[in-house]
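Structure at a glance
Given next are the chains, with one letter for each unit.
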Amino acid sequence: MIERLQAVFTAGADPDRAGPMKAYMRDQFEFLGLTSEPRRALTREVLAGTAKPTERELVEVALACWALPEREYQYFACDYLRRHAKVLTPAALPAIRTLITTKSWWDTVDILAANVVGPMVAGHPALRTAMDEWAVRPGELWTARTAILHQLRYGGRTDTDRLFAYCAAWATEPDFFIRKAIGWALREYAKTDPAAVRAFVEGHPALSPLSVREALRRR
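Rules and cut-offs
Here the residue numbers are simple positions, counted from 1 along each chain's written sequence. Local features in this predicted model are restricted to residues whose pLDDT is 70 or higher, and side-chain atom pairs enter the listing and the counts only when it is 80 or higher, whereas totals over whole chains, interfaces and linings include all residues. Calculated side-chain values reflect all of the structure's heavy atoms, with hydrogen atoms and water omitted. Helix numbers and strand numbers start at the N terminus; a helix is a DSSP run of H or I with at least 4 residues, a strand a run of E with at least 2. For a helix, the expected span equals 1.5 Å multiplied by the residue count minus one. A residue's bend is the angle separating two fitted axes: one through the seven residues that end there, the other through the seven that start there. A 1.4 Å probe rolled over the protein chains alone gives each residue an accessible area, and that area as a share of the maximum for its type sets the label: buried under 20%, exposed over 50%, partly exposed in between. Using protein atoms alone on a 1 Å grid, points that fit a 1.4 Å probe yet trap it form a cavity, whereas open point sets bounded by protein on both sides within 12 Å along at least five of seven lines form a pocket; residues with an atom within 4 Å of a point count as lining. Grid points are joined across faces, edges and corners, and a volume is the space filled by probe spheres set on the points. Just so you know the grouping, Ala, Val, Leu, Ile, Met, Phe, Trp, Tyr, Cys and Pro go in nonpolar, Asp, Glu, Lys and Arg go in charged, and all remaining residues, Gly too, go in polar. Every axis corresponds to a line fitted to the C-alpha atoms, with the helix fit spanning only the stretch in contact, and the corresponding angles, defined between N-to-C directions, vary from 0 to 180 degrees. With respect to orientation, any angle under 35 degrees is reported as roughly parallel, any angle over 145 as roughly antiparallel, any angle of 65 to 115 as roughly perpendicular, and every other angle as oblique. By definition in these notes, contact holds between two residues if any of their heavy atoms fall within 4.5 Å.

1. Description of helix H7 (residues 106–123)
Here H7 contains 18 residues, and its C-alpha end-to-end distance of 24 Å stays within 8% of the 26 Å for a straight helix at 1.5 Å per residue. Taking the largest bend as the criterion, H7 deviates by roughly 40 degrees, centred on Ala-113. Among the 18 residues that make up H7, 14 are buried, leaving the element largely enclosed by the rest of the structure.

Structure follows, in structure tokens:
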């Protein structure tokens, strides 16, 4: 899989786009120059005719992609995991946490939070305790962001006690990505229960202006 992936992605690379893409990500990652649509087309080519992966295969492919320098390989891993998230059990969570805490930035963390960790927790409710742990560890901002965002697609199934508790626990955090995550998570839940979100915001004056602005954007 990885050999085929590298061959296909390298053949489709666009060096003229690679530089601007790297600059957009603050020069943190190398790029092949594959924007979203070409990359998705090449991904379909890579996966054509492949069987449904096992959990072990999913994890092995994802970790191998994370070891490669170009960011598009990490995007492939995120898409692959998202496509087969129902295959993942609690046994895979340590590996997913490794992906979240390695080469960390919003572009991969947010996909993993809402589209991989979220379905894992929904399918295996015992993982809620892991989210509780991720949400309170001082200094571990990317796992905290994941905990805050993992219910982003839950809608009416949202565990509001946990959502509000996580947001309250990080209300005074100065980090931009945590403040943004709080606002984003609250704004999404406001589509289901705007009154509850409004009440939460009004009851927590310590929330940053950014979090409040984002949370109430769709009033």
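That covers the picture; the talk isn't over yet.
2. Structural notes on the layout of surface pockets
Taken as a whole, the largest pocket spans an internal volume of roughly 360 Å³. Around the largest pocket, the lining is made up of 20 residues, and of these Ser-36, Arg-39, Tyr-75, Trp-106 and Asp-107 lie nearest the centre. The set of elements that each furnish at least two residues to the lining of the largest pocket consists of helix H2 (15–24), helix H3 (36–47), helix H5 (71–83) and H7. A total of six residues in the lining of the largest pocket trace back to one element, the largest contributor, which is H7. Split by residue class, the lining of the largest pocket holds ten nonpolar, three polar and seven charged.

3. Here's the deal with unusual backbone geometry
The backbone of Asp-27 sits at a positive phi, close to 60 degrees, despite the residue not being glycine. With respect to the element layout, Asp-27 can be found in the loop between H2 and H3. In this structure, Lys-103 is a non-glycine residue whose phi angle is positive, near 50 degrees. Mapping Lys-103 onto the fold places it in the loop between helix H6 (93–101) and H7. Its relative accessible area of 29% is what places Lys-103 among the partly exposed residues.

4. Considering the packing of H5 against H7
Where H5 meets H7, the closest approach of the two axes is 10 Å, and the angle between their N-to-C directions is 5 degrees. Judged on the interaxial angle alone, H7 and H5 are roughly parallel. Here Arg-71, Gln-74, Tyr-75, Cys-78, Leu-81 and Arg-82 of H5 come into contact with H7, specifically with Asp-107, Thr-108, Ile-111, Leu-112, Asn-115 and Val-116. Here the contact of H5 with H7 is composed, by residue class, of six nonpolar, three polar and three charged.

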